[in-house]
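Chain by chain, the residues run as shown.
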Amino acid sequence: MKICTLGRTGLQVTQLGFGAMEIRGPRVWGGRPVTDAQAETILNTVLDAGITFIDTANDYGLSEERIGRFISRRRDEYYLATKCGCLLKDAGDHDETPHIWTHDNLLRGINESLARMKTDYVDVLQLHNPSVEQVEQNGLVEALKEIQASGKTRFIGISSTIPHIATFIKMGVFDTFQIPYSALDRAEEDNMTKAAMAESGTIIRGGIASGATSAEKQSGRRWAAWQKAKLDDLLNGMSRTEFILRFTLTHPHLHTTIVGTLNPAHLADNLKAAAEGPLPADIYAAAKRRLTEAGERPAPA
Ligand SMILES: NC(=O)c1ccc[n+]([C@@H]2O[C@H](COP(=O)([O-])OP(=O)(O)OC[C@H]3O[C@@H](n4cnc5c(N)ncnc54)[C@H](OP(=O)(O)O)[C@@H]3O)[C@@H](O)[C@H]2O)c1
């Protein structure tokens, strides 16, 4: 599998990473029920396949605890990224996930994350979708740097989107950016380039657009663009899911995409798609052109 340098962190990461939100369980955001056995299997299968980058967050339900329980003994096989600024709050039949943008909550978060994941450090600690105002008014970069100086994280990053991301890229302080992107969601296409040009690593979420396995998943505005662009004409034997993942992987400034799955067969499909590599140049150009004409295009700068 292709290995990329995660920007100025220098970390050598597999282009296909793993998003561990999928193992959070049902208490957060109506997640699917996930047994311990399922979580143990998928986490170990991910590592057995050679994937070296795992993303989670302090508010992803059981995710961090399961990483600690099932793969902390393999800690030297993966880079670990988590997020802070969030927390889990017991609300009876579910957990709520408020964000509290204080120095103390960042520190609370990383300490809890490390304890849950049974490790002394994470490789990347990311702010979990704050606004520019929240970062500036609460000294969050200073708090991240303090955590970095204590050795609890090697690098600092941020998960962000339009309209905040442009300012964060210009600030020049973040080693990585976590950004949503796929053929069905091209708004941040140019921001990936800008982040990489600023020597930050790019961690792409939504890179498989949740997969194209059911009619329900293939509905809504974004899939309307797929239909309008007649992308089925470009599949040439690929499944829609494979096409979407390879489209994402073809972006020249993608370093890793953290695809989530609970299903080892889907993981195998994704590994196969990643091994096939970028889309052929003519197909990629045609897909971008057709999507742009159908209204799915990068947001204006
Ligand atoms: N920073 C943030 O604010 C934020 C927000 C959301 C997510 N994230 C991160 O990004 C990661 C990715 O999450 P996402 O929401 O963007 O989802 P995604 O990776 O685009 O999609 C995950 C979904 O795709 C399905 N899937 C994966 N491979 C498939 C395949 N080969 N065929 C069919 N279906 C397939 C999975 O279902 P199966 O289990 O059935 O395969 C799962 O439901 C998360 O795990 C998390 O780490 C971050």
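Please refer to the structure placed before this passage.
Residues numbered from 1 in each chain as written. Predicted model: local features only at pLDDT ≥ 70, side-chain atom pairs only at ≥ 80, totals over all residues.

Scanning the protein from terminus to terminus reveals 11 helices and 12 strands. Compactness check: the protein gives a C-alpha radius of gyration of 19 Å against a globular reference of 19 Å for 301 residues, within 12% of the reference. Across its three principal directions, the C-alpha atoms of the protein cover 50 × 45 × 35 Å. The contacts of the protein with a sequence gap of at least 6 include a subset with a gap of at least 24, amounting to 77%. (Helix = DSSP H or I, 4+ residues; strand = E, 2+ residues; numbered from the N terminus. Rg over C-alpha atoms; globule rule 2.2 N^0.38 Å. Contact = placed C-beta atoms within 7 Å.)

We now examine the environment of phenylalanine 174. The residue phenylalanine 174 is located in the loop between α6 (165-171) and β10 (176-180) in this model. By the C-beta count within 10 Å, which is 27 here, phenylalanine 174 ends up buried. Along the sequence, phenylalanine 174 and phenylalanine 155 sit 19 residues apart, while their C-alpha atoms lie 8.2 Å from each other. In this structure phenylalanine 174 touches Ile156, Gly157, Ile158, Phe168 and Ser200, once residues within four positions along its chain are discounted. (Buried ≥ 20, exposed ≤ 12 C-beta atoms within 10 Å, placed from the backbone.)

Moving on: the sheet that holds strand β11 (residues 201-205). Taken in spatial order, the 8 strands of this closed barrel run β3-β4-β5-β8-β9-β10-β11-β12, and their pairing is parallel. Across the sheet, the mean angle separating the axes of adjacent strands is 30 degrees when strand polarity is ignored. In the sheet, strand β3 (residues 16-19) pairs with strand β12 (residues 256-259) via 3 bridges, with the strands oriented parallel. Residue glycine 17 lies in a different strand from β12, and its bridge partner there is isoleucine 258. Helix-sheet contacts for helix α3 (residues 103-117) involve β5 (79-84), β8 (122-128) and β9 (153-159), and the interaxial angle to β5 is about 145 degrees. Each of β8 and β9 touches helix α5 (residues 140-149); the most contacted strand, β9, lies at about 155 degrees to it. (Pairing = 2+ DSSP bridges. Axes fitted to C-alpha atoms, helices over the stretch in contact; angles between N-to-C directions.)

Attention shifts here to the environment of leucine 234. With respect to the helices and strands, leucine 234 occurs in the loop between α8 (221-228) and α9 (240-250). For the pair leucine 234 and threonine 5, spaced 229 residues apart in sequence, the C-alpha to C-alpha distance is 30 Å. With sequence-adjacent residues up to four places away left out, leucine 234 is seen in contact with Ile283, Ala286 and Ala287.

The next subject is the site of the ligand. Neighbouring the ligand are 26 residues, the closest being Gly19, Met21, Arg205, Gly211 and Thr261. Sorting the residues of the shell around the ligand by element identifies β12 and α10 (264-276) as the ones contributing at least two each. The dominant element in the shell around the ligand, judged by the number of residues it contributes, is α10, at 3 residues. Looking at the shell around the ligand residue by residue, the class counts come to 7 nonpolar, 15 polar and 4 charged. (Near = placed C-beta within 6 Å. Nonpolar A, V, L, I, M, F, W, Y, C, P; charged D, E, K, R; others polar.)

All of the buried residues in α5 are Leu140, Ala143, Leu144 and Ile147. Viewed end-on, α5 has its buried residues packed into an arc of 100 degrees, placing them on one side of the element. Every exposed residue of α5 that faces more than 90 degrees away from the buried side is listed here: Glu142 and Ala149. Buried residues along α5 sit against α3, β8, α4 (132-137) and β9. (Arc of directions from axis to C-beta.)

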